[in-house]
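Coordinate inspection notes
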Amino acid sequence: MKDELVERIENNPKYQELVSKRNSFGIKLGIFVLVMFYAFILTIAFNKEVLATKIGEGLTTVAFPIALAILVISFITTLIYVKRANGEFEDLTNDIKEDVKDLL
Amino acid sequence: MLKILAIISIIALSAFAAGDASFEATKRELNIPAIIMFFVFIVFTLGLTVWAARRTKSASDFYTAGGGITGFQNGLAIAGDYMSAAAFLGVSGLIYLKGYDGVIYAVSFLVGWPIILFFMAEKLRNLGKFTFADIAAYRLGQKEIRTLAAFGTLSVVVLYLIAQMVGAGKLIQVLFGMEYEFAVILVGIMMIIYVTFGGMLATTWVQIIKACLLLTGVSFMAIMVLYSFDFSFESLAVKAVENHSAGESILAPGGFISDPISAISLGMALMLGTAGLPHVLMRFFTVGNAKEARKSVVYATGFVGYFWVIITIVGFGAIAFLNSADGAQYFVDGKLFGGNNMASIHLSHMLGGNAFLGFISAVAFATILAVVSGLTLAGASAISHDLYSNVINPKATDEQIVKISRYTVVVVGIVGVTLGIAFEEQNIAYMVGLAFGIAASANFPILFLSIYWRGLTTRGAFIGGLIGLLTAITLVIVGPIVWVSILGNEEALFPYKHPALFSVTIAFVSIWLFSKTDSSERGRNEKEMYRAQNVRANTGIGSAGAVDH
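Given the structure is predicted, the values throughout are model-derived calculations rather than measurements.

Okay, the overall build of chain B next. Secondary structure assignment for chain B yields 22 helices and two strands. Relative to the globule expectation of 24 Å for 549 residues, the C-alpha radius of gyration of chain B, 23 Å, shows essentially globular dimensions. Split into buried and exposed, the 549 residues of chain B put 64% on the buried side. Within chain B, counting contacts between residues at least 6 apart in sequence, those at least 24 apart form 84% of the total.

So, in structure tokens, the structure goes:
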């Protein structure tokens, strides 16, 4: 990639907006998923008895709804990310491409 | 092509004949509906391969199916790569054996997805062309990085391949009473044909068809299980507890992951490993643009998440059904026929008779074939694209590259078959855990740092990455499974089954250290080049792959 092109894109406010918005969005969602997952793993590692707690009168333990919740939340976070990335972030990217069209 | 079909049928028939003795010994009858399903699937997919072979001309066709796969199709194909024999047979078998501990695998396998999506998928798509080494080698030394990446890829491919081969061998053994060795050889031949002739296009379509069949089949099983318990998970759990020797402990994490280090290490391997699986990473290059790449991850996560929920029901269903009086027919000398990996296969017979057993077995076989094909393609691309066309012979023509790929496929196939026979007795979910461990230690750190760290240099990536890979492999060899179970030593030199916590940390630290202390001119240039790389990773401007399509 030509230096001039790199320079122009880096100085484009829309590029700066794209990178900072996407990074902070990705990092926030990523940390959320990681905290959720490691809370689960560390519970198994250090205090697995908690997961053996029974729900109500039956034998079923809380371990099952927790596993289900992690699966569902993982899916929902990917959906949230892609909704925004394929909308707002994609538009910004297209604007940037438009702005540097003469150099491509 | 027709000649090859004829040869396969002869080999298949002679293998059935050779299997006579063993199914008499185990008193299995030849299952006609199962065999018919099987051959229908094989003939159909071979037809697909012929179709794909006509469309596969350039190297780009061979590796990326020409880039014309849609987000939805690719989502199914990624899910297909993920729902491997280890996932389907191994995890359901693990749940059958250990209860909730198997569910931990399922959860950990999925969580890797959002992480890949947020941090890697898009940037991979923007920077790469065929393989993950394209990204790492973008601004670093081609020779060193591609050579290392090729070894990382091959290590993961071979380990993962063993797991699938063992699953396939056991499956055919149970179904046809064919000798295990013959079964593994048959799978090897089929896989070589799919990949050498059809390339990524055939591999992707086999994967998509199989993903649909698998989701349908396993859903049916889960519904049948729940139907028998009036759609109450509680009643299923009560029955499972009653029928399992470990009793109530199967409903919570147990002794399987006994110490904290192993738990954290396994969790890390399964999560980060996903982001380093070469055959899955390759799938981001089969779609037209970043938008479709993102969509495909949503579909994949949805399908895989749903799959884990139903596999959990199937696993507990297997405990409830197989360990009952009616299930006694599936045991030989107190052991489940074909091993614990076959729990869901036997369950399908109990739930839907021979016809359904035939369907599920054909699906399981399809699963194995599709995944080994994807893996072999990843191995072939590591050799032909990374080693051959970028290191050994930079002037190679498309034709030469594709030719080298096809030779590699044959070699990888032979290696897979040989090791598949050697590792016959291993739990396949565990083997996959190891493959993930290597992927997490060798591939992920270089990939992640090359995208996110300006300071990465060739020296750091090469030495550090090599240390990561060697640490992971060494710790696996001196760990409890290989050192004790396979090599027959008394005590393991390294006490933990899963090395990821140590090897991933060592990889990151050494890559950092050797980059940091690199004061060469070349290292300075590489840091300079990060700016251009980062612009392209973020915007996709100048993206090589997309232009080709």
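A separate point is helix α15 (residues 398–422) of chain B. All names here are of chain B. Along its 25 residues, α15 runs 36 Å from first to last C-alpha, staying within 8% of the 36 Å computed at 1.5 Å per residue. Among the residues of α15, Ile 401, Val 402, Ser 405, Thr 408, Val 409, Val 412, Gly 413, Gly 416, Val 417 and Gly 420 are the ones counted as buried. Contacts from the buried residues of α15 go to α3 (59–64), α8 (142–176), α9 (180–228) and α14 (343–392).

Next up on the list: the pattern of salt bridges. Enumeration over the complete set of coordinates arrives at 21 salt bridges over all chains. Where Lys 295 of chain B meets Glu 292 of chain B, a salt bridge forms, and the shortest distance between an N and an O atom there is 3.2 Å. Note that Lys 295 of chain B and Glu 292 of chain B are positioned in helix α13 (residues 290–322) at a spacing of three residues, about one turn of the helix. Relative accessible area serves as the criterion here: at 31%, Lys 295 of chain B is assigned to the partly exposed category. Through salt bridges with shared partners, a single ionic network connects Glu 17, Lys 21, Arg 84 and Glu 88 of chain A.

Residue and element names in this part refer to chain B. With respect to the helices, strands and loops of the structure, Thr 274 is situated in helix α11 (residues 260–274). Engagement of the side chain of Thr 274 in a polar contact is seen with the side chain of Tyr 82, the distance being 2.8 Å. Residues within four places of Thr 274 in sequence aside, it is in contact with Tyr 82, Phe 109, Gly 112, Trp 113, Ile 116, Ala 269 and Phe 436.

Throughout the structure, instances matching the rule amount to 32 aromatic pairs over all chains. Relative to Tyr 299 of chain B, the ring of Phe 72 of chain B lies with its centre 5.0 Å away and its plane at 90°, an arrangement referred to as edge-to-face. Residue Phe 72 of chain B is found in helix α4 (residues 71–82), and its partner Tyr 299 of chain B is found in helix α13; the two are separated by 227 residues along the sequence. For Tyr 299 of chain B, a relative accessible area of 34% gives the class partly exposed. With 5.5 Å between their ring centres and 90° between their planes, Phe 494 of chain B and Phe 502 of chain B make a pair best called edge-to-face. The partly exposed category is assigned to Phe 502 of chain B, whose relative accessible area is 28%. In this structure an aromatic cluster arises from ring pairing among Phe 25, Tyr 81 and Phe 89 of chain A together with Phe 118, Phe 119, Phe 444, Phe 448, Tyr 452 and Phe 508 of chain B.

The next subject is the interface of chain A and chain B. Every contact between the two is made by 54 residues of chain A and, on the other side, 52 residues of chain B. Summing both partners gives a buried area of about 4600 Å² for chain A against chain B, and 73% of it is carried by carbon and sulfur. Between chain A and chain B we count five salt bridges in total. Between Arg 22 of chain A and Glu 122 of chain B there is a salt bridge whose closest N-O contact spans 2.5 Å.

All names here are of chain B. By the secondary structure assignment, Asp 386 is in helix α14. Separated by 349 residues in the primary sequence, Asp 386 and Met 37 have C-alpha atoms spaced 39 Å apart. In contact with Asp 386, not counting residues within four places along its chain, are Thr 131, Ala 133, Asp 134, Arg 146, Ser 381 and Val 391. A polar contact is formed between the side chain of Asp 386 and the side chain of Thr 131, at a distance of 3.1 Å. Among the polar contacts listed, one links the side chain of Asp 386 to the side chain of Arg 146, at a separation of 2.6 Å.

In this section: the packing of helix α5 (residues 85–98) of chain B against α13 of chain B. When two helices pack together, their arrangement is given by the angle between their axes and by how far apart the axes lie. All names here are of chain B. Packing of α5 against α13 brings their axes to within 8 Å, and their N-to-C directions diverge by 50°. Between α5 and α13, the crossing angle belongs to the class labelled oblique. Between α5 and α13 the crossing geometry is right-handed. Contacts between α5 and α13 involve Ala 87, Phe 88, Val 91, Ser 92, Ile 95 and Tyr 96 on the former and, on the latter, Phe 307, Trp 308, Ile 311, Thr 312, Gly 315, Phe 316, Ala 318, Ile 319 and Leu 322. Its residues placed into classes, the contact of α5 with α13 shows twelve nonpolar, three polar and no charged.

Let's shift gears to unusual backbone geometry. Residues and elements named next belong to chain B. Positive phi values are uncommon outside glycine, yet Asp 230 reaches one of about 50°. Position of Asp 230 among the secondary structure elements: in the loop between α9 and α10 (233–243). Phi is positive for Phe 231, which is not a glycine, with a value near 55°. A residue is classified by how much of its surface remains accessible, and Phe 231, at 52% relative accessible area, is exposed.

Once that is clear, we can look at a nonpolar patch on the surface. A cluster of nonpolar residues, Leu 68, Val 72, Ile 76 and Ile 80 of chain A, forms a patch on the protein surface that exposes about 310 Å² of accessible area. With respect to the secondary-structure elements, Ile 80 of chain A resides in helix α3 (residues 63–99).

Here the focus is the nonpolar core. Generally speaking, nonpolar side chains in soluble globular proteins are found buried as a group. Counting 220 residues, the largest nonpolar core has Phe 284, Phe 307, Trp 308 and Phe 316 of chain B as the members making the most contacts within it. Looking at this core element by element, the count peaks at 24 residues for α9 of chain B. Beyond its immediate sequence surroundings of up to four residues, Trp 308 of chain B is in contact with Leu 71 of chain A together with Ala 87, Val 91, Ala 106, Phe 109 and Leu 110 of chain B. In this structure, Leu 140, Ile 145, Leu 148 and Ala 461 of chain B belong to the second largest nonpolar core, which totals ten residues.

Here is what the cut-offs are and how they apply
The numbers attached to residues start from 1 for each chain and follow its sequence in the written order. Note on labels: chains are lettered from A, ligands numbered from 1, in written order. Whole-chain, interface and lining totals are the exception, using all residues; otherwise, since this is a predicted model, local features are given only for residues with pLDDT of at least 70 and side-chain atom pairs are given and counted only at 80 or more. Note that the side-chain values use all heavy atoms of the structure and ignore hydrogens as well as water. Under the scheme used here, helices are H or I runs from DSSP no shorter than 4 residues and strands are E runs no shorter than 2 residues, and both carry numbers assigned from the N terminus. For the radius of gyration, the atoms used are the C-alpha atoms, and the globule rule reads 2.2 Å times the number of residues raised to 0.38. The cut-offs for exposure are 20% and 50% of the maximum accessible area for each residue type, with area from a 1.4 Å probe on protein chains only; residues under the lower value are buried, those over the upper are exposed, and the others partly exposed. The contact criterion used is simple: two residues touch if any of their non-hydrogen atoms lie within 4.5 Å. The span one expects for a helix is its residue count, reduced by one, times 1.5 Å. When a carboxyl oxygen of Asp or Glu lies within 4 Å of a side-chain nitrogen of Lys or Arg, that pair is called a salt bridge. In the analysis that follows, any N or O atom pair within 3.5 Å is treated as a polar contact, provided that within protein one partner can donate a hydrogen and the other can accept it, and provided that, for residues neighboring in sequence, both atoms belong to side chains. Within 6.5 Å between ring centres, the rings of Phe, Tyr and Trp (the latter by its six-membered ring) count as paired, and their orientation is classed by plane angle as stacked under 30 degrees, edge-to-face over 60, tilted in between. The quantity reported as buried area is the accessible area (1.4 Å probe) lost by two parts once they are put together, taken as the sum for both. Lines fitted to C-alpha atoms define the axes, with helix axes restricted to the stretch in contact, and inter-axis angles between N-to-C directions lie between 0 and 180 degrees. Any angle that is under 35 degrees is reported as roughly parallel, and any over 145 degrees as roughly antiparallel; angles of 65 to 115 degrees are reported as roughly perpendicular and all others as oblique. Note on convention: the crossing is left-handed when the near helix lies turned anticlockwise from the far helix by less than a right angle, right-handed when the turn is clockwise. Any residue outside Ala, Val, Leu, Ile, Met, Phe, Trp, Tyr, Cys, Pro, Asp, Glu, Lys and Arg is labelled polar, Gly included; the first ten of those are nonpolar and the last four are charged. Here the term patch refers to residues with relative accessible area over 30% and no salt bridge, with like charges joined within 9 Å and nonpolar side chains (Val, Leu, Ile, Met, Phe, Trp, Tyr) within 5 Å. Throughout, the Shrake-Rupley method with a 1.4 Å probe supplies accessible areas, and for residues the shown protein chains are the sole cover considered. In these notes, a set of buried Ala, Val, Leu, Ile, Met, Phe, Trp, Tyr and Cys residues joined through side-chain atoms within 4.5 Å is what counts as a nonpolar core.

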